[in-house]
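Report on the structure
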Amino acid sequence: MLLQVSDISKSYGVSSVLSNITFQVQPRERVGLVGVNGAGKSTLLRIIAGELSADSGTVYKSKETTIGYLAQSSGLQSDKTIDAEMRAVFAHLTEAELELRSLEQQIADPKLHDDAKQYEAVLNRYSTLSDWFREKGGFEVETKIRGILHGMGFGQFPPDTVISTLSGGQKTRLALARILLQSPDLLMLDEPTNYLDIETLTWLEDYLRGYDGGILVVSHDRYFLDAVVQTIVEIERHSAKRYTGNYSRFIEIKAAEYESQMKQFDKQQEEIAKLEDFIQRNIVRASTTKRAQSRRKALEKMDRLDKPLGDLKKASFSFEIERQSGNDVLDVRDLSIKFQEKSEPLFQHVSFRLERGDNVALIGPNGIGKSTLLKSLVGEQSYEQGSIRWGTNVKIGYYDQEHTGLNHHNTVLEELWSAYPHIEEARIRTILGNFLFSGDDVKKKIGSLSGGERARVSLSKLMLARANMLILDEPTNHLDLYSKEVLEAALMDYDGTLLFISHDRYFLNKMAERIVELSPQGTEHFLGNYDEMIQKKREIEELRLETLSFAQGKQGKPAAVPEAPLVSSYEADKQAKRDERNKQRKQEQLENEISRLEGEISVLEEQLTDPDVYNDYVRVQSIQSDMDSLKAQLQSVYEAWEELLA
């Protein structure tokens, strides 16, 4: 095995974080470490990496096993250039290559040929070092550096870019690129998907699936976990449990286990109740005392099951609106934004519309200007040209991924109360309790909170706004898996209009009804969620290749690559989606009608079996007439249902 963790425990003061954690990582195994925020996942990784000592327990790995650890949001701190820092990973190969060049010069020197013994020694050294250099991938260094830098989004960066000039997110991505170049036997990654756009995430998933070593990863990205890992270790209530399969499989197994345990517990409780009842009724009777005493002994010896604990307490909230907006919510036309220090616009020709009840996702690569666009919509960023027109009665609720609207000097309670002073303290505390801030938690300073806690404070303020238009910038960032599910449920029940940015593909699949993809030249529109957008792009690309192939075959020579023709216009696609939804709604209505009619017929048939009814000729005739009418209606509905499915 690559790694053995045995009975690891860790406490901070009187608070236990980890208790008797035990699990293994086998060669080439991909393990996902999951749990709520604060469960101790990052602490466990730091203990394994040797950055933190455990109170008890052992971490075993062989001396030959190398571990690469990337902490959460740990940017690469260096004054070197990107090229120099990446090449430093292969310093041992660089030294070997310099020695090989030196040996080649010695071999070419005629003077060495006069000393046969020395000449043979140099040749042997050159042969041995050449084999070692080849085995260690010395000839692939350049290709590997370029491939990983390109995959991590640095393909267009000049190699002499100084790392200290990069943003925090870029430094984090570069730290991940560096650790991938090191290729350790065990790769330990704490939230590696932070600061990655969808294109980079997709590349990273493909890379990790083909990785030669083992992987232990902490992540709240469900799409990423499903794509990469084959084992889940959940830390819950300070202890760990192992599940085989990806995240979706883990959810299924855990739910099935809980249901099975509850059935066993309920069955035992019934058995205990029966025994106790028998004992109570028979213990005082002389004729049955012995049997009652025997049952009592059996009850005392019984190995009683503990009631399954079920899920931990989750945040609980919903988004309500004060009043409805008009049907036309937002109209953005030919919008262009340019920063003063840049001559070229960040983006231009951006146009889209929102109607009441729309759920629209805004996507695009990092740095394209998605957050800037949202800020321009809420008036925090000026724009170069174009127009932004809001509809009537629109009340905006804005969620900023950086949480700049929070006052770091306030306590959690003060932060909400200062924003909504008309709400009584008891109500504020109740709301914060729904967001998992209970007791003294409400006295914590905003500046001391974790990313997930700040996100929950921002969401609590957003909930109280009762806005009919929500603009959300990366709302799932820093939220654990369970909080994401609660947020999704709240947004699914939201009656207003939703515009959001997200790189969380699972969230995009669940929430987006339409996707607007932003580029420097404008926007491209796709109906449906993320997977449907990918399928649409694939169809367009296949059609483009077919068109190209046909043109080449017809002309007998390579043709210029045409622009990808759209299969149908956006409006036609939108109408097709609307027709499909109407069809599904009609199908559901017909199925409900079928169920109702069959139920009424069943009731009448049951009445005919009643002796009081079938001995009454007049009543039988009436019931039979009603049944014939219902069956005729049922046949008609069935025909309409079959026609709809055809």
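The shown structure was predicted, so the numbers you read here are calculated from the model rather than taken from an experiment.

1. A word on the side chain of aspartate 400
Relative to the elements of secondary structure, aspartate 400 occurs in the loop between strand E14 (396–399) and helix H13 (412–419). For the buried residue aspartate 400, which engages in no salt bridge, the nearest side chain bearing the opposite charge is lysine 375, 5.3 Å off. Looking at aspartate 400, its side chain comes within polar contact range of the main-chain nitrogen of glutamate 402, at 3.1 Å.

2. Brief notes about the domain arrangement of the protein
Interfaces are often sized by the amount of accessible area the parts lose when they come together. Partitioning the protein into domains gives domain 1 (1–79 + 162–245), domain 2 (82–143), domain 3 (262–301), domain 4 (328–533) and domain 5 (575–645). Each of domain 1 and domain 4 has a C-alpha centre, and these two points are 29 Å apart. Facing the 20 residues of domain 1 at the interface are 22 residues of domain 4. Summing both partners gives a buried area of about 1,800 Å² for domain 1 against domain 4, and 50% of it is carried by carbon and sulfur.

3. Overview of the UniProt feature "domain: ABC transporter" (unreviewed entry) in the protein
The UniProt record marks residues 3–263 and 332–546 with the feature "domain: ABC transporter" (unreviewed entry), using the residue numbering of this structure. Across residues 3–263 one finds 46% helix and 22% strand; the C-alpha atoms that close the span lie 36 Å apart.

4. Focus on helix H6 (residues 141–151)
Considered for burial, the residues of H6 that qualify are Val141, Ile145, Ile148, Leu149 and Gly151. Seen end-on, H6 carries its buried residues on one side only, within an arc spanning 165 degrees. With respect to the buried face of H6, the exposed residues turned more than 90 degrees away are Thr143, Arg146 and His150. Residues of H6 that are buried in the fold lie against helix H2 (82–88), helix H3 (91–108), helix H7 (168–182) and helix H8 (198–209). Immediately beyond the C-terminal end of H6, within one or two residues, lies glycine 153, with a positive phi of roughly 90 degrees.

5. Side note on the side chain of arginine 454
Secondary-structure assignment places arginine 454 in helix H15 (residues 451–465). For arginine 454, which is buried and forms no salt bridge, the nearest opposite charge comes from glutamate 453, at a distance of 7.3 Å. Within polar-contact distance, the side chain of arginine 454 engages the backbone oxygen of glycine 447 at 3.0 Å. With near-sequence residues (within four places) excluded, arginine 454 lies in contact with His403, Leu406, His408, Ile446, Gly447 and Leu449.

6. Concerning the pattern of salt bridges
On inspection of all chains with the given rule, the structure shows 40 salt bridges. The salt bridge involving arginine 281 is made with aspartate 277; its shortest N-O contact spans 3.0 Å. On the criterion of helical spacing, the pair formed by arginine 281 and aspartate 277 is a turn pair, its members being 4 residues apart in helix H10 (residues 247–282). Residue classification places aspartate 277 among the partly exposed positions, given a relative accessible area of 37%. In this structure, the salt-bridge partner of arginine 596 is glutamate 600, at a minimum N-O distance of 2.5 Å. You can see arginine 596 and its partner glutamate 600 sitting in helix H19 (residues 570–607), 4 residues apart, about one turn around the helix. Taken together, the shared-partner salt bridges in this structure form one network comprising Arg222, Lys484, Glu488, Asp504 and Lys510.

7. Looking at helix H12 (residues 370–377)
For H12, the tally of buried residues reaches 6 of 8 residues, placing the bulk of the element in the interior. Residues of H12 that are buried: Lys370, Thr372, Leu373, Leu374, Ser376 and Leu377. Directly after H12, the chain includes glycine 379, whose backbone phi takes a positive value near 85 degrees.

8. Considering the packing of aromatic side chains
Inspection of every chain in the model, using the stated rule, returns 11 aromatic pairs. Between phenylalanine 154 and phenylalanine 157, the aromatic rings sit 5.0 Å apart at their centres with planes inclined by 65 degrees, giving edge-to-face as the arrangement. Pairing phenylalanine 319 with tyrosine 494 gives two aromatic rings, centres 6.3 Å apart and planes at 80 degrees, and the pair type is edge-to-face. Here phenylalanine 319, found in the loop between helix H11 (289–301) and strand E10 (328–337), pairs with tyrosine 494, found in the loop between helix H16 (481–492) and strand E16 (497–501); they are 175 residues apart in sequence, far enough to count as distant.

9. Brief notes about the confidence of the model for the protein
The predicted model of the protein averages 87 in pLDDT, with 94% of residues at 70 or higher. In this model residues 561–568 is a low-confidence stretch, pLDDT under 50, and it forms 15 contacts with partners more than four residues away in sequence or in other chains.

10. Describing the packing of H13 against helix H14 (residues 425–434)
Axis separation between H13 and H14 bottoms out at 10 Å; the angle between their running directions is 120 degrees. Relative to H14, the element H13 lies oblique. Viewed along their axes, H13 and H14 form a crossing whose handedness is right-handed. Listed contacts from H14 to Val412, Leu413, Leu416 and Trp417 of H13 are Glu425, Ile428, Arg429, Ile431 and Leu432. Along the lines of polarity and charge, the residues of the contact of H13 with H14 split into 7 nonpolar, no polar and 2 charged.

Here is what the cut-offs are and how they apply
- Residues numbered from 1 in each chain as written.
- Predicted model: local features only at pLDDT ≥ 70, side-chain atom pairs only at ≥ 80, totals over all residues.
- Heavy atoms only, no water.
- Helix = DSSP H or I, 4+ residues; strand = E, 2+ residues; numbered from the N terminus.
- Buried < 20%, exposed > 50% of the residue type's maximum accessible area, 1.4 Å probe, protein only.
- Lys, Arg positive; Asp, Glu negative; His and termini not counted.
- Salt bridge = Lys/Arg side-chain N within 4 Å of Asp/Glu carboxyl O.
- Polar contact = N/O pair within 3.5 Å; in protein donor to acceptor, adjacent residues only side chain to side chain.
- Domains from an automatic or database assignment.
- Contact = heavy atoms within 4.5 Å.
- Buried area = accessible area lost by both parts, 1.4 Å probe.
- UniProt positions renumbered as here; feature names shortened; annotations may be inferred.
- Arc of directions from axis to C-beta.
- Phe/Tyr/Trp six-rings, centres within 6.5 Å; stacked < 30°, edge-to-face > 60°.
- pLDDT = per-residue confidence, 0-100.
- Axes fitted to C-alpha atoms, helices over the stretch in contact; angles between N-to-C directions.
- Parallel < 35°, antiparallel > 145°, perpendicular 65-115°, else oblique.
- Left-handed = near helix turned anticlockwise from the far one by under 90°.
- Nonpolar A, V, L, I, M, F, W, Y, C, P; charged D, E, K, R; others polar.

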